[in-house]
Amino acid sequence: MALLATISLMPITSFGQDQSTPPASTSPDNSEKNKTHSNTADQQPENKSDRTTTKKIRQALMEDKSLSTYAHNVKIITQDGFVTLKGPVNSEEEKQSIASKAAEVVGSPDKVTNQLTVKQ
């Protein structure tokens, strides 16, 4: 009983995370890199047709559980029925799979610009 009382009086802070060391600084996004691109997601028109196309492509990507988190989060930009894909993926196979899914949604590979990059 005395042992239990002694343990319960131990300072709890010794088990917490060390807050004195700041986390490594990493850029949370690639906004600076996006500034050099001619079309970005924020420039996508708000017309229903383009939004629907983007939504269908995103759903097709999310349904494919074999794709990585990177692949599930690529940028999909639809303008006047033409799709641009941007962002990093884990492999050339993922890159091609994503482009194929987008082409299936829009009806032609000629309407898809694949700017995906394979992570090194």
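Enquirer: Could you clarify how one ought to interpret the overall build of the chain in this entry?
Expert: Tallying secondary structure elements over the chain gives 5 helices and 3 strands in all. Counted from the first residue to the last, the chain has its helices and strands arranged as α-α-α-α-β-β-α-β. Here the chain holds 120 residues, and the buried ones make up 28% of them. Nonlocal contacts in the chain, meaning residues at least 24 apart in sequence, comprise 57% of its contacts between residues at least 6 apart. Here the chain has roughly 8700 Å² of accessible surface; of this, 55% comes from carbon and sulfur atoms.

Enquirer: Is there a simple way to explain the pattern of salt bridges in this structure?
Expert: Pairing between side chains becomes possible if they bear opposite charge and their charged atoms approach one another. A full pass over the atoms with the stated rule returns 1 salt bridge. A salt bridge links Lys-101 to Asp-64; the shortest N-O distance between them is 3.2 Å. One end of the pair, Lys-101, is in helix 5 (residues 92-106); the other, Asp-64, is in the loop between helix 3 (48-63) and helix 4 (69-72), and 37 residues separate them in sequence. Taking the relative accessible area as the measure of exposure, Lys-101 reaches 21% and is therefore partly exposed.

Enquirer: Just to check I follow, could you spell out the confidence of the model for the chain for this structure?
Expert: The predicted coordinates ought not to be read in detail in places where the model reports low pLDDT. Taken as a whole, the chain shows an average pLDDT of 80; of its residues, 62% reach a score of 70 or greater. Least confident of the elements in the chain is helix 1 (residues 2-8), whose mean pLDDT is 54; most confident is helix 5, at 97.

Enquirer: Explanation requested: the packing of helix 3 against helix 5 in the structure shown.
Expert: Helix packing geometry: the angle between the two helix axes and the distance between the axes. One way to put it is that helix 3 packs onto helix 5 with a least axis distance of 9 Å and a crossing angle of 140 degrees. Regarding the angle of helix 3 to helix 5, the classification is oblique. Note on packing geometry: the crossing formed by helix 3 with helix 5 is right-handed. Contact residues: Thr-53, Lys-56, Ile-57, Ala-60 and Leu-61 in helix 3; Ile-98, Lys-101, Ala-102, Val-105 and Val-106 in helix 5.

Enquirer: Quick question: what am I supposed to make of the pairing of strand 1 (residues 75-79) here?
Expert: Consecutive side chains along a regular strand alternate between the two faces of the sheet. As judged from the 5 bridges shared by strand 1 and strand 2 (residues 82-89), these two strands associate in the antiparallel manner. If you follow Lys-75 over to strand 2, its bridge partner there is Lys-86. Counting the residues in the hairpin turn of strand 1 and strand 2 gives 2 residues, including Asp-80, whose phi is positive at 55 degrees.

Enquirer: Can you help me understand the environment of Thr-117 in this one?
Expert: By the secondary structure assignment, Thr-117 is in strand 3 (residues 112-118). Expressed as a C-alpha distance, the spacing of Thr-117 and Ser-91, which sit 26 residues apart in the sequence, is 8.5 Å. Filtering out sequence-adjacent residues up to four positions away, Thr-117 remains in contact with Gly-87, Pro-88 and Val-89.

The rules we used
Residues numbered from 1 in each chain as written. Predicted model: local features only at pLDDT ≥ 70, side-chain atom pairs only at ≥ 80, totals over all residues. Heavy atoms only, no water. Helix = DSSP H or I, 4+ residues; strand = E, 2+ residues; numbered from the N terminus. Buried < 20%, exposed > 50% of the residue type's maximum accessible area, 1.4 Å probe, protein only. Contact = heavy atoms within 4.5 Å. Areas by Shrake-Rupley, 256 points an atom, 1.4 Å probe, with all protein chains shown as cover. Salt bridge = Lys/Arg side-chain N within 4 Å of Asp/Glu carboxyl O. pLDDT = per-residue confidence, 0-100. Axes fitted to C-alpha atoms, helices over the stretch in contact; angles between N-to-C directions. Parallel < 35°, antiparallel > 145°, perpendicular 65-115°, else oblique. Left-handed = near helix turned anticlockwise from the far one by under 90°. Pairing = 2+ DSSP bridges.

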